[in-house]
Amino acid sequence: MTRLFAGTPFDIPPTCDRCGELEEACKCPPPAHEYLPAEKQTAKVFTERRKNKRVMTIVKDLKPEETDLPKLLSDLKSAIGAGGSLQENQIEIQGDHLARVQEKLKSIGYRVR
């Protein structure tokens with residue numbers, strides 16, 4: 001028996017919402033996510049001292065539904081040459097790189113506070 005329960009949604013093969021074809025046969029392009037332009041967003045950039053006197057540069061106040069945060073993190077890390085991560089919808093760059101992060105964000109088009 002290949003099906004879980006006859007007559008349930010598990011029994012019906014999944015179809016595409018746009019064209020109605022089976023998902024395996026669907027040729028629809030994946031939906032493109034529209035992000036808000038960088039010129040219309042303001043980022044707050046500051047440094048924060050952590051345990052053992054480590055300094056982190058934090059970029060926050062960018063909404064994840066309006067900004068491609070993983071791509072922005074990757075761009076900042078490669079431009080600055082430092083490690084970093086995405087934590088709770090804020091970007092954390094290792095080290096005191098306040099001026100360089102602000103400069104990079106301005107060159108991309110973001111307004112910086």
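Under an unreviewed UniProt entry, the chain has the name Translation initiation factor and belongs to Novipirellula rosea.

The next thing to look at is the pattern of salt bridges. One pass over the full model with this rule turns up 4 salt bridges. We note a salt bridge from Arg113 to Asp61, for which the minimum N-O separation is 2.6 Å. On the criterion of sequence distance, the pair formed by Arg113 in the segment after strand S5 (111-112) and Asp61 in the loop between strand S2 (55-60) and helix H1 (69-80) is long-range, its members being 52 residues apart. Here Arg113 falls in the exposed class, since its relative accessible area comes to 54%. Residues Asp75 and Lys71 are paired through a salt bridge, measuring 3.1 Å at the closest nitrogen-oxygen approach. Placement of both Asp75 and Lys71 in helix H1 is noted, with a separation of 4 residues, approximately one turn of the helix. Exposure remark for Asp75: the relative accessible area of 26% places this residue in the partly exposed category. Given a relative accessible area of 49%, Lys71 falls into the partly exposed group. Beyond isolated ion pairs, a larger network of salt bridges with shared partners links Glu48, Arg50 and Glu92.

How each quantity is defined
Residues numbered from 1 in each chain as written. Predicted model: local features only at pLDDT ≥ 70, side-chain atom pairs only at ≥ 80, totals over all residues. Heavy atoms only, no water. Salt bridge = Lys/Arg side-chain N within 4 Å of Asp/Glu carboxyl O. Helix = DSSP H or I, 4+ residues; strand = E, 2+ residues; numbered from the N terminus. Buried < 20%, exposed > 50% of the residue type's maximum accessible area, 1.4 Å probe, protein only.

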